[in-house]
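Here's the letter readout for the chains.
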Amino acid sequence: MTIGVKVLDRPIEEVSYVRATLKGMALTFKHLVDPHKVTVQYPEEKWDLSPRWRGTHRMLTTEDGKSKCVACGLCPTVCPANCIKLVPGEDEQGNRYPLVFEIDEFRCIFCGYCQEVCPEEAIHLGRHYENAEYSRDKFVYDLERLSTQTHPVCEMWDPADPKGE
Amino acid sequence: MIALVPLIPLFQVADPQLPATEGVFLIGTVVKMLIVFSVYMVGVAMLTLAERKISAWIQDRHGPNRVGYGWLQPAADGVKNIMKEETYPGTANLPLFVLAPAISFIPAMITWAVIPFASPLPTPWGRIDMVVADLPVGFLFCLAISSLGVYGIVLAGWSSNNKYALLGGLRSSAQMISYEIAMGMATVCVLLLSGNVSISAIIQQQATMGWNVFLLSIAFFIFLVASFAETNRLPFDLPEAESELVAGYHTEYSAMKFSLFFIAEYANMVTASALITSLFFGGWDIPFTQWDNLPPFTVLKTILTLGAFLTKVLFFLFFFMWIRWTVPRFRYDQLMSLGWKLMLPLALAYITIIGTVVLVLDRAGIARGPMFGAILFGMNVVLVVLLFVVLDRGRIVSPAYSRLDREEVARLRNMSLGKSTLAEKKV
């Protein structure tokens, strides 16, 4: 019966305990008195998010307040998590618009395909991470919520570095 | 009123430099108990904050800084623990389950009764010793009571009816008993020098001869290591061992009972620090001066010696925490081999050496004073260099190197390569 025991071959002459402990104590003491601390004091300080940060969605609107979505159906088709629910409608002039547009943020895997595939640049992922809610059903974002959120949106790719280098 | 009349002579104004009368002694003791208990409990609460702050700073973090800029964190923790639900495992032995936290907590507190924390205080009613109870057997009392603490942990582990808790309890009993022997042996050297088990006498001896840490360095080292094991602090926190035993003996405890185990741990730390201070660092003695040890005693002396004592105790508390956030946990066999194969023989050998030296010096007619101390100190420098520089090369002080010898290592290597020695024998 073979067990994968890894046995370190320590040269006994160099192994010590007391001196090694003292060395370790010197190191920890150096950190103890070091005024540089790495903690970010969260509610007061926040990290700068990357322009490519993919967070909860936003639906962009035209200047008259309507959503830019034309209900083409590409985003529910491309969505790998199947989290977008879209019911298209049509007005008197024959313009398509979404009757229902819901994103289940719990199902969403934040891949960003919906933003990439959107021909109207309507649906966007957001540079945003403070998503706490009091109940699970609040995480199904409807069209109104998607349109009224104001956080900055994801750029998907950096214009200065289009190849992602 | 008539019954009170005979009491009046008990409270008469007396010479401040002489021991107080019985009545004053009684009231003074009660007052001392109240003060020591309150300071001790507040101190223990603040130690939890200190531990979190020190751990944070060592890890380049800030630590608790929200509740009252961090200062009220112990109060917040206390309130939280009291508000939480007490859970009782269905199969636990309830009376012992409830009793165990108290058993682990009370001995740690009682030990403080015999530790002198300042020079005597002169009052208009006579001199009052700055120790709750100056027992003639003070030090033996400390050893006896502090070893009771293990019962709390063992009972907690056993009564929980949980395998991890039981393992934690078993480990702690084995560990604490093993290290108690080394600890007791280390203190025999102290007793050889002081010739008395009263802690006040030990402090007086150090005031005249020099601190025991210089006279008995190796005994100090053994005592220090053993007190880490006795208080279940890293690197000897095997009873808790989160990575192996969930939370060890207090796995099943919740709310304030869980908190009580923590209070007990910190209380044990304070007691261990005070003992190290009293036995090896001169107690309330202010170094480089004899002024504080000699009568007449004044209030100023009491305050200054109290400051000296607290400084030393706080340093050792810091040292406990410093070690905790530096050294990782020992493996169980390493712990046992360190205790039995290194600490115990070392302590016995050291007793022999110290006993011989003391005997020779006494025969040579050298009085027990600074000269006596200087000779012992010189000998200790040699011994410490021998032990930690020459012998500490993987030969003696090296539990990091396992008990495997070279043949064993070779055998294990072959096994992991698929060449089992058993299989070879069959062929």
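The rules we used
- Residues numbered from 1 in each chain as written.
- Chains lettered and ligands numbered in written order.
- Predicted model: local features only at pLDDT ≥ 70, side-chain atom pairs only at ≥ 80, totals over all residues.
- Helix = DSSP H or I, 4+ residues; strand = E, 2+ residues; numbered from the N terminus.
- Buried ≥ 20, exposed ≤ 12 C-beta atoms within 10 Å, placed from the backbone.
- Contact = placed C-beta atoms within 7 Å.
- Pairing = 2+ DSSP bridges.
- pLDDT = per-residue confidence, 0-100.

## Quick word on the overall build of chain B
For chain B, the helix and strand inventory stands at 16 helices and two strands. Relative to its full complement of 427 residues, chain B shows a buried share of 41%. Within chain B, contacts between residues at least 6 apart in sequence are counted, and of these 76% link residues at least 24 apart.

## Details of the environment of Leu335(B)
Residues and elements named next belong to chain B. Note that Leu335 resides in helix H13 (residues 332–363). For Leu335, a count of 21 C-beta atoms within 10 Å gives the class buried. Note: C-alpha distance between Leu335 and Leu238 (97 residues apart in sequence) is 8.9 Å. Contacts of Leu335, omitting those with residues within four sequence positions, involve Gln175, Phe236, Leu238 and Phe330.

## Comments concerning the sheet that holds strand S5 (residues 140–141) of chain A
Here three strands make up an open sheet; going across it, the order is S2-S3-S5 (chain A) and the pairing antiparallel. Looking at the sheet topology across the chains shown, the edges are occupied by strand S2 (84–90) and S5 of chain A.

## Structural notes on the pairing of S2(A)
Residues and elements named next belong to chain A. Strand direction decides the pairing type here: S2 and strand S3 (residues 96–104), joined by seven bridges, are antiparallel. Opposite Val87, over in S3, you have Val100 as the bridge partner. Connecting S2 to the next strand, S3, in antiparallel fashion are five residues, including Gly94 with a positive phi near 85°.

## Considering the confidence of the model for chain B
All names here are of chain B. The predicted model of chain B averages 80 in pLDDT, with 88% of residues at 70 or higher. Within the model, pLDDT remains below 50 along residues 396–401, and this stretch shows 23 contacts once partners closer than five positions in the same chain are excluded. Note on residues 423–427: pLDDT under 50 across the span, and one contact to partners over four residues away in sequence or across chains. Across the interfaces of the predicted complex, the ipTM metric reaches 0.72, alongside a pTM of 0.79.

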